[in-house]
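Observations on chain architecture
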Amino acid sequence: MHSYLDFEKPLAEIEGKAEELRALARGEDGIEVEREAEALDQKARALLASLYKDLSPWRKCQVARHPARPHCKDYISALFTEFTPLAGDRGFSDDAAVMGGLARFNDRPVVVLGHEKGHDTASRLDRNFGMARPEGYRKAVRLMDMADRFGLPVVTLVDTPGAYPGKGAEERGQSEAIARATEKCLSIGVPLVSVVIGEGGSGGAVGIAAGNRVAMLEHSVYSVISPEGCASILWKDAGKMREAAEALRLTAQDLLTLGVVDRVIPEPMGGAQRDPAAAMANVGTAIQAMLDELSGQDRKALVAGRRKKFLEMGRNALPEPSSFIPAHFTQGRDRG
Amino acid sequence: MNWISNYVRPKINSLFSRREMPENLWTKCDECGTMLFHRELRESLNVCTNCGHHMAITPRDRFIALFDGGMFAEVKVPAPVADPLHFRDQKRYPDRMKAAQRSTHEQEAMLVATGEIGRTPIVAAAQNFGFMAGSMGMYVGNAIIAAAETAVKQGRPLVLFSAAGGARMQEGILSLMQMPRSTVAVQMLKEAGLPYIVVLTHPTTGGVTASYAMLGDVQIAEPNALICFAGPRVIEQTIREKLPEGFQRAEYLLEHGMLDRVTPRGEMRTELITITRMLMGLPPAIMGELPAPGTPAEPQAEE
């Protein structure tokens, strides 16, 4: 059963009716409902298209957090073969909020890692809702080190509300772990491509996302703080998350314009959760394209290119917000 | 309850307090409540002479106390695009900036300078918590990069005093990107074989702690400084339990292996001289308060 977001309620009604009709027809022979159901389907499709044509930043946040969206685990099983999970930070424990290991991407051996949120109550608890502890980042550092040693490209999938704000996490050096992971991202001599597949939550995301190429799914978000957190600090009212989401410019389209990400990967109509297979295929194509862009670069060029990319952020003049691309813009930006 | 206690007494109190402590001359220690005379407080570098509580100190005052003879040359920091997101909450971001500039008489939340400490040439950067909570936006990113570049160019160690509530929300994702940016700056120093010493001061939190402030070769903190990724309130709300005494304070971090040292502000200069000289392979310093170098520290400010 599809779960609907609050702004999708009218859609839920129409789709529910169509489904009801068909269920009725299945029960009794001879009732012809297909035409009517088809008309409802059409209406639903039109409504879906109009809803998703120009999603507000807050709605994008909701879509990015949709529980039925494909998660890291799904991407790994859909796009990679021979996935061999590797665990542990060798210091304290493993962290299930960050999964990773060796795998083949289009036959090429790579290291893949990402945040995993879990898909039901048990797995969500196990994965800590994708909120990593220091061990997760230290595991990421270990895996990136290994990739560097053996010349394997690294693919990271970003999907976290943020690093875990817990007592133990702080005691074991959450900030140091994130800082070291970011540092590692910036120093490995192999291609590093990152895709924000859902939520790019602040420092917890950056720690594994300082790549040569960074892409975002069309309805994913990437922000310095959650809209709720920002609203409670600056508006003194967590209920003002819509205004905060607007002000933070956290959509994939905004980040493309600001030069923070390199491409936006299109999602199927109605978001990745409506057709996970299609969304994941698009991500696969984008990862391959980004790896192709980096092929032929030696270690030095890869490190230098990555540093230059980040050093330039904030140095160059930025376009005026009026020229921000409309929300349905989905094309990758050309890079020289 | 009655007219006398509600109206007359506060009125009288306010009259007296106004007469007894004209502004600027006395500061009340927020820890023990002792009234501290401004001259005494200045001499102790804003450390309470009664309880040892470390109050905030501006980057400028810190540098005056740090560098030989109080002499230093400011390093010019390239100005970033102002208000890139046209951010507006209850106030416009440019208005918040102007208010901060008026109250601090500084351009932004970080000051970078070159000079000598115990005749040891260094580059120093200090974050100003009084300026929008010292928050890290593009300017602070630029300042750290400028500091690292100057250090590399002149072959000097970098000493960075951190103090920040975290990233500057008003610059959105661009403030978050200062985490990798400042990390690149730290890498430049490491590759040039130059020491990078971080002095964490109260408070250092969020994205600042999770980037350049935790990447030092030597990590020193001032006593009782709050140093964390997520603040104690956020954690209490998440785990719904009381946090232990001193949680996320400098001494707690030292105990948990996250810091090299906790050093009182009054001893910091000597310690920094000792450490930087050893790491730079220089002979022991002549200690004590040194006059300004014979020639100005940096007659031709770079760039």
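Everything below is about the structure shown above.
These remarks concern the structure in this document. Just so it is clear, the model here is predicted, and its values are computed rather than measured. (Residues numbered from 1 in each chain as written. Chains lettered and ligands numbered in written order. Predicted model: local features only at pLDDT ≥ 70, side-chain atom pairs only at ≥ 80, totals over all residues. Heavy atoms only, no water.)

Comments concerning the overall build of chain B
In plain terms, the rule: Numbering of helices and strands runs from the N terminus, with a helix taken as a DSSP run of H or I at least four residues long and a strand as a DSSP run of E at least two residues long. Whether a residue is buried, partly exposed or exposed follows from its accessible area with a 1.4 Å probe, protein chains only, as a fraction of its type maximum: under 20%, in between, or over 50%, in that order. Contact criterion: two residues are considered in contact whenever any of their non-hydrogen atoms come within 4.5 Å of each other.
In terms of regular secondary structure, chain B is built from 11 helices and 9 strands. Within chain B, the proportion of its 303 residues that are buried is 52%. Look at the contacts in chain B between residues 6 or more apart in sequence, and 68% of them connect residues 24 or more apart.

Describing the side chain of Thr 156 of chain A
Residue and element names in this part refer to chain A. What counts is decided by this rule: Under this definition, polar contacts are N or O atom pairs within 3.5 Å; protein pairs additionally need one hydrogen-donor-capable and one acceptor-capable atom, and for neighbouring residues in sequence, both atoms have to be side-chain atoms.
By secondary structure assignment, the location of Thr 156 is in strand 4 (residues 154-160). The exposure class of Thr 156 is buried, given its relative accessible area of 0%. Engagement of the side chain of Thr 156 in a polar contact is seen with the side chain of Ser 194, the distance being 2.8 Å. Among the polar contacts made by the side chain of Thr 156, one reaches the main-chain carbonyl oxygen of Ile 208 at a distance of 2.8 Å. Those residues in contact with Thr 156 that lie beyond four places of it in its chain are Leu 113, Leu 192, Val 193, Ser 194, Val 195, Ile 208 and Ala 209.

Points about the interface of chain A and chain B
The condition that has to hold: Each of two parts loses accessible area, computed with a 1.4 Å probe, when they are put together; buried area is these two losses added. Salt bridges are identified by distance alone: a Lys or Arg side-chain nitrogen within 4 Å of an Asp or Glu carboxyl oxygen.
Taken together, the 50 residues of chain A in the interface contact 52 residues of chain B. Roughly 4300 Å² is buried in total at the junction of chain A and chain B, and carbon and sulfur atoms are behind 71% of that figure. At the boundary of chain A and chain B, one finds 2 salt bridges. Arg 307 of chain A is the partner of Glu 191 of chain B in a salt bridge, and the nearest nitrogen-oxygen pair spans 2.8 Å. Breaking the side of chain A that touches chain B down by element, the ones donating at least two residues are helix 7 (167-171), helix 8 (174-187), helix 9 (202-206), strand 7 (221-223), helix 10 (227-235), helix 11 (241-248) and helix 14 (299-312) of chain A.

Considerations on the sheet that holds strand 8 (residues 218-221) of chain B
All names here are of chain B. How we decide: Only strands joined by at least two bridges in the DSSP assignment are considered to pair. For helices, the fitted axis covers only the stretch in contact; all axes are lines through C-alpha atoms, and the angles between them, taken along N-to-C directions, range from 0 to 180 degrees.
Sheet architecture is open: 7 strands sit in the order 3-4-5-6-7-8-9, paired in mixed fashion. Either end of the sheet is taken by a strand with one partner, and the two such strands are strand 3 (72-74) and strand 9 (261-262). Of the pairings in the sheet, the one linking strand 5 (residues 120-127) to strand 6 (residues 158-164) comprises 4 bridges and is parallel in character. When the bridges of strand 6 are listed, Ala 126 appears paired with Phe 161. Against the sheet, helix 5 (residues 138-154) engages strand 4 (110-117), strand 5 and strand 6, with an angle of about 20 degrees to strand 4.

Remarks on the packing of helix 5 of chain B against helix 7 (residues 178-191) of chain B
All names here are of chain B. Threshold: Angles below 35 degrees are treated as roughly parallel, those above 145 as roughly antiparallel, those between 65 and 115 as roughly perpendicular, and all remaining angles as oblique. Basically, the charged four are Asp, Glu, Lys and Arg, the nonpolar ten are Ala, Val, Leu, Ile, Met, Phe, Trp, Tyr, Cys and Pro, and anything else, Gly included, counts as polar.
Two elements in contact, helix 5 and helix 7, have axes whose closest approach is 9 Å; the angle formed by their N-to-C orientations is 5 degrees. When the axes of helix 5 and helix 7 are compared, the pair comes out roughly parallel. Here Met 138, Gly 141, Asn 142, Ile 144, Ile 145, Ala 148, Glu 149, Ala 151 and Val 152 of helix 5 lie close against helix 7, whose contacting residues are Gln 178, Arg 181, Ser 182, Ala 185, Met 188 and Leu 189. When its residues are assigned to classes, the contact of helix 5 with helix 7 shows 9 nonpolar, 4 polar and 2 charged.

Worth remembering: the numbers are spatial, not functional.
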